[in-house]
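# Structural description and commentary
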Amino acid sequence: MNAARTAAAKPARGWLRAVREAIGLTQGGVAAKMAVKRQSYAQFEEAEERGSISVASLRRAAEAMDCDLVYYVVPRESVARSYAGLAEIHDPAAMHLRATEHSMALKGAGAKDDAG
């Protein structure tokens with residue numbers, strides 16, 4: 001999960017600006033693809049930098065830059081060391097699966113003992 005955390009570290013001025021500049025687009029160019037004024041698009045970048053942009057707005061801007069929006073939450077180390085570990089802790093289906101696998105293993109061992 002450290003790799004995910006490192007890869008997802010937000011650039012100082014935000015992802016929208018960083019990606020837009022990296023792919024060589026201007027605010028006006030993105031705004032035109034979104035059918036809004038440049039000032040309106042600039043507000044998207046400002047809102048992201050402040051941490052107040054909506055996921056829908058991020059998605060809309062990403063699509064205008066021919067990008068995908070990937071949105072995820074990375075647990076802190078104290079919660080779990082992996083997504084599998086997180087599922088084991090909090091997912092009732094994972095706990096049920098473990099219990100079922102344990103029961104099946106016991107039945108399998110018992111069947112072998114009876115046959116032998």
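Bear in mind that the values here come from a model prediction, so they are computed numbers and not experimental data.

### So, the pattern of salt bridges
Inspection of every chain in the model, using the stated rule, returns 4 salt bridges. A salt bridge links Arg-17 to Glu-21, with the nearest nitrogen and oxygen atoms 3.1 Å apart. With a gap of 4 residues between them, Arg-17 and Glu-21 both fall in helix 2 (residues 15–22), about one helical turn apart. On the basis of relative accessibility, which here comes to 46%, the residue Glu-21 falls in the partly exposed class. Connected through shared salt-bridge partners, Arg-17, Arg-20, Glu-21 and Glu-45 make up one network.

### Quick look at the nonpolar core
Core analysis: the largest hydrophobic core is formed by 12 residues, namely Leu-16, Val-30, Ala-31, Met-34, Tyr-41, Phe-44, Ala-47, Ile-53, Leu-58, Ala-61, Ala-64 and Met-65. Of all the secondary structure elements, the ones that give two or more residues to this core are helix 3 (27–34), helix 4 (38–50) and helix 5 (55–64). Once you skip the residues sitting within four places of it in the chain, Ala-31 turns out to touch Val-36, Lys-37, Arg-38 and Tyr-41.

### As for helix 5
By the burial criterion, the buried members of helix 5 are Leu-58, Ala-61, Ala-62 and Ala-64. For helix 5, the arc enclosing every buried residue in end-on projection is 160°, short of the 170-degree limit, so these residues lie on one face. Turned more than 90 degrees off the buried face of helix 5, the exposed positions are Ala-56 and Glu-63. Tucked inside the fold, the buried residues of helix 5 contact helix 2, helix 3 and helix 4. Two residues or fewer past helix 5, Asp-66 is found with a positive phi of approximately 55°.

### Observations concerning the packing of aromatic side chains
Under the definition given, this model contains 1 aromatic pair. When the ring of Tyr-41 is compared with that of Phe-44, the centres are 6.1 Å apart and the planes differ by 20°; the resulting orientation is stacked. Placement of the pair is Tyr-41 and Phe-44 together in helix 4, with a separation of 3 residues, close to one helical turn. Classification of Phe-44 by relative accessible area gives buried; the value is 13%.

### So, the confidence of the model for the protein
With 69% of its residues at a pLDDT of at least 70, the protein reaches an overall mean of 82. The element-level mean pLDDT for the protein is lowest in helix 7 (residues 92–115), coming to 63, with helix 3 highest at 98. Throughout residues 111–116 the model reports pLDDT below 50, and contacts reaching past four residues in sequence, or to other chains, amount to 0 contacts.

Each value, and the rule that gives it
Residues numbered from 1 in each chain as written. Predicted model: local features only at pLDDT ≥ 70, side-chain atom pairs only at ≥ 80, totals over all residues. Heavy atoms only, no water. Salt bridge = Lys/Arg side-chain N within 4 Å of Asp/Glu carboxyl O. Helix = DSSP H or I, 4+ residues; strand = E, 2+ residues; numbered from the N terminus. Buried < 20%, exposed > 50% of the residue type's maximum accessible area, 1.4 Å probe, protein only. Core = buried A, V, L, I, M, F, W, Y, C linked by side-chain atoms within 4.5 Å. Contact = heavy atoms within 4.5 Å. Arc of directions from axis to C-beta. Phe/Tyr/Trp six-rings, centres within 6.5 Å; stacked < 30°, edge-to-face > 60°. pLDDT = per-residue confidence, 0-100.

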